[in-house]
Amino acid sequence: MALKGKKIWLDGEMVAWEEAKVHVLTHALHYGTGYFEGIRCYALEDGRSAVFRLDDHVRRFFDSGKILGFPLPEAFGQIKNAILAVIKANGLKECYIRPLAFVGSGDMGLYAPDNPIHVAIAAWAWGAYLGDEGIKNGIRAKVSSYTRHHVNVMMTKSKVSGNYVNSVLAKAEVKKAGYDEAIMLDADGYVAEASGENIFIVRDGHVKTTPLTSILPGITRDSVLTVARDKTYEVQEERFTRDELYTADEAFFTGTAAELTPIREVDNRKVGERCPGPVTLDLQQTFFDIIKGRDKKYARWLTYL
Ligand code: PPE
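Residues numbered from 1 in each chain as written. Predicted model: local features only at pLDDT ≥ 70, side-chain atom pairs only at ≥ 80, totals over all residues. Heavy atoms only, no water.

**Student:** So what's going on with the domain arrangement of the protein chain? Residues and values would help.
**Tutor:** Annotation of the protein chain at the domain level lists domain 1 (7-124) and domain 2 (132-291). A straight line from the C-alpha centre of domain 1 to that of domain 2 covers 26 Å. In this complex, domain 1 contributes 20 residues to the contact, which on the side of domain 2 involves 20 residues. Summing both sides of the interface, domain 1 and domain 2 together bury roughly 1700 Å²; the carbon and sulfur share of this comes to 63%. Interface area lost by domain 1 to domain 2 is led by Phe-36, Phe-52 and Arg-60, which between them contribute 34%. Joining domain 1 to domain 2, the criterion identifies 2 salt bridges. The interface formed by domain 1 and domain 2 includes 11 residue pairs in polar contact (both at pLDDT 80 or more). Elements represented by at least two residues in the side of domain 1 that touches domain 2 include exactly strand E3 (34-36), strand E4 (39-43), helix H2 (54-68) and strand E6 (95-103). Here the side of domain 1 that touches domain 2 takes 6 residues from H2, the largest share from any one element. Looking at the side of domain 1 that touches domain 2 residue by residue, the class counts come to 10 nonpolar, 5 polar and 5 charged. (Domains from an automatic or database assignment. Contact = heavy atoms within 4.5 Å. Buried area = accessible area lost by both parts, 1.4 Å probe. Salt bridge = Lys/Arg side-chain N within 4 Å of Asp/Glu carboxyl O. Polar contact = N/O pair within 3.5 Å; in protein donor to acceptor, adjacent residues only side chain to side chain. Helix = DSSP H or I, 4+ residues; strand = E, 2+ residues; numbered from the N terminus. Nonpolar A, V, L, I, M, F, W, Y, C, P; charged D, E, K, R; others polar.)

Here is the structure:
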C-alpha cells in the first residue's frame, strides 16, 4: 500500500503531501548526499501525545549534517517546532517522523558545495517495524555476508543516506533467505549492529552491547542502557564475537522503528531457553511504560504535543 498523508514540511513551508517533489538532478539522488532521522510520537494513556527524546534526535540530525559537511540551514528550535507542526498538520496521535535533509540540484559532479540543502519532514502511522508477533515472541536473525562500514569508509555516527545502501543489501539478502533481520559484522569480524537497529546480548543476567566505535549511536540503545543501569544490571559496552551471540541467553534489537524486539534465533540456532528471556522482558516492559507515559521517572524524555 502506498504511503499517503496530508502535509509535508518542506523548506519552511507546509505543503500538500503530493506536492513535496524533487528534480531528477538532485545531488542526493545520485550520490547519497542526504541525511535523515527517525523519531516516534506515542499516544499516551492520559489522552495526550508525546515525542520520544525529541531533542536528542534533533541534535543527531544536526550532527549528521556537520559530519557530511552540509550543515542544516535552520536553527535547532525551528526544526523542533516543524516536527511538532507536521504531526499536528497530519492529525496524528501516534506516528513515525522522518526528517530528511538533502543536497539539491544545481551543479552535477561530486564536488558541488554551492548546491542548496533542502529539508523535508514527513510523518505517518507506522506499526511494529519487525511485526507485532516479533515484538512479542522474537524474530529470526541471520548474520549477513556484507561487512558493516569501516570507520574510515563511511561516517557511522551519522545517518547519511548513502550509508544505507550497505543496510539495504544486507536486509534483502537475509529476507530473501527467509529471515527477518540482518546482523552485520564490522571490518574486524566483531558484531556491529543490524541493518537498522543496535544489538544487545544477555548472559548470566549481564547486559552487553557493542561500543559506539563503528555504529550509529542509537537513541533507543542509550535509553535501554540508562534503564538497565538504573535497574542495577551489570552493563558492558564491549565488542563481542559471533560465537558469543550464539551462546547468549538472550538477545534483542533496539531502534526507533524496531523499538525493543527480542531475537529468538540467530543463524538457525535458538537463542537461550525461551524468548523473550527475563531480562529482555523486564527492559522491554519498562521501555513501553516510558514511551506510553506510565513511568514518570523518565518523563524528561517526553515532549508533549
Ligand atoms: N543502527 C542503524 C544502522 C539504524 O539505522 C538505526 C535506526 C539504529 C541503529 C537505532 O538507532 P535509534 O533509532 O536512534 O535507536 N534505524 C532507523 C531507520 C529504520 C528504517 O528502516 O528507515 C529507525 O529505527 O528509525
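**Student:** Break down helix H3 (residues 76-89) for me, citing the residues and quoting the values.
**Tutor:** A rise of 1.5 Å per residue sets the reference length of H3, with its 14 residues, at 20 Å; its end C-alpha atoms lie 20 Å apart and thus fit the reference within 8%. Considered for burial, the residues of H3 that qualify are Ile-79, Ala-82, Ile-83, Leu-84, Val-86 and Ile-87. (Expected span 1.5 Å × (residues − 1). Buried < 20%, exposed > 50% of the residue type's maximum accessible area, 1.4 Å probe, protein only.)

**Student:** Go over the site of the ligand, please, and point to the residues and values.
**Tutor:** In the neighbourhood of the ligand, 21 residues make up the surrounding shell, with Tyr-96, Tyr-129, Tyr-164, Thr-220 and Thr-256 lying closest. Here an oxygen atom of the ligand sits 2.7 Å away from a polar atom, N or O, in the main chain of Ile-219. Coverage of the ligand by the protein chains reaches 93% of its 550 Å² of free accessible surface. Two domains each provide a minimum of three residues to the shell around the ligand, namely domain 1 (7-124) and domain 2 (132-291). (Near = heavy atom within 4 Å. Areas by Shrake-Rupley, 256 points an atom, 1.4 Å probe, with all protein chains shown as cover.)

**Student:** Summarise the packing of aromatic side chains; cite the residues concerned and give the values.
**Tutor:** The final tally for this structure, using the stated rule, is 12 aromatic pairs. Arranged with centres 4.8 Å apart and planes meeting at 50 degrees, the rings of Phe-36 and Tyr-164 form a pair that is tilted. Of this pair, Phe-36 sits in strand E3 while Tyr-164 is found in helix H5 (residues 164-176), placing the two residues 128 residues apart along the sequence. Ring centres of Tyr-96 and Trp-126 lie 4.6 Å apart, and the angle between their planes is 75 degrees; on these two criteria the pair is classed as edge-to-face. Here Tyr-96 is found in strand E6, whereas its partner Trp-126 is found in the loop between strand E7 (117-124) and helix H4 (132-137), with 30 residues between them in sequence. Clustering of aromatic rings is evident, with ring pairs tying together Phe-52, Phe-287, Phe-288, Tyr-298 and Trp-301. Positioned above the aromatic ring of Tyr-304, the side-chain terminus of Arg-48 is 4.0 Å from the ring centre. (Phe/Tyr/Trp six-rings, centres within 6.5 Å; stacked < 30°, edge-to-face > 60°. Lys NZ or Arg CZ within 6 Å of the ring centre and 35° of its normal.)

**Student:** How would you sum up the pattern of salt bridges? Please name residues and give values.
**Tutor:** Under the counting rule described, the total for this entry stands at 22 salt bridges. A salt bridge links Lys-208 to Glu-244, with the shortest nitrogen-to-oxygen separation between them at 2.6 Å. Of this pair, Lys-208 sits in strand E12 (residues 206-209) while Glu-244 sits in helix H7 (residues 242-246), and the two are 36 residues apart along the sequence. Of the residues examined, Lys-208 reaches a relative accessible area of 11% and is grouped as buried. By sharing partners, the salt bridges in this structure join Glu-45, Asp-289 and Arg-294 into a single network.

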